[in-house]
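Coordinate analysis (summary)
So the chains spell out like this:
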Amino acid sequence: VLAQYESIVDRIDISPSEILDAIVNMVQTLSRMKPFYYGNTHTFVPLVLNRELVRNGFRPSLLIEYDRLIGFNHDECLMEIVYGMDYFEKLSSSG
């Protein structure tokens, strides 16, 4: 999963939307795998998601319920993450 993700985001000709799609795919896949006994959705997902968003030039994403990413399809998950990025921007600019 991580090797496939890295091979996509390391391409020179990749657009920001393709990077965001790759982040969504990687986070959803890892969260559904449940690599840890406890804390996958509330600890692991936000850390990996926001690390990769910031690493690739995006704002962090503040989500109300990270559990929703597991049940959402790709487009719903993408919309939720973008909403969380907008929410982060709103909070950081308000003071």
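A brief look at the structure comes next.

1. As for the overall build of the protein chain
Secondary structure assignment for the protein chain yields five helices and zero strands. The helix and strand sequence of the protein chain, counted from the amino end, reads α-α-α-α-α. The C-alpha extent of the protein chain, read off along each of the three principal axes, is 40 × 35 × 20 Å. Taking the contacts inside the protein chain whose residues are at least 6 apart along the sequence as the reference set, 60% of them involve residues at least 24 apart.

2. With respect to the pattern of salt bridges
This structure, assessed with the given rule, holds seven salt bridges. As a salt-bridge pair, Arg 55 and Glu 6 come within 2.9 Å of each other at their nearest N and O atoms. Taken together, the residues span a long stretch of sequence, with Arg 55 in helix 3 (residues 40-55) and Glu 6 in helix 1 (residues 2-9) at a distance of 49 residues. The exposure class assigned to Arg 55 is partly exposed, which follows from its relative accessible area of 38%. Residue classification places Glu 6 among the partly exposed residues on the basis of a relative accessible area of 26%. A salt bridge links Arg 51 to Glu 52; the nearest nitrogen and oxygen atoms lie 2.3 Å apart. Accessibility expressed as a relative area gives 52% for Arg 51, which makes it exposed. Judged by its relative accessible area of 4%, Glu 52 falls in the buried class. Linked by salt bridges that have partners in common, Glu 6, Arg 51, Glu 52 and Arg 55 make up one network.

What counts and how
- Residues numbered from 1 in each chain as written.
- Predicted model: local features only at pLDDT ≥ 70, side-chain atom pairs only at ≥ 80, totals over all residues.
- Heavy atoms only, no water.
- Helix = DSSP H or I, 4+ residues; strand = E, 2+ residues; numbered from the N terminus.
- Contact = heavy atoms within 4.5 Å.
- Salt bridge = Lys/Arg side-chain N within 4 Å of Asp/Glu carboxyl O.
- Buried < 20%, exposed > 50% of the residue type's maximum accessible area, 1.4 Å probe, protein only.

From the geometry alone we can't say anything about function, so treat these as descriptive.
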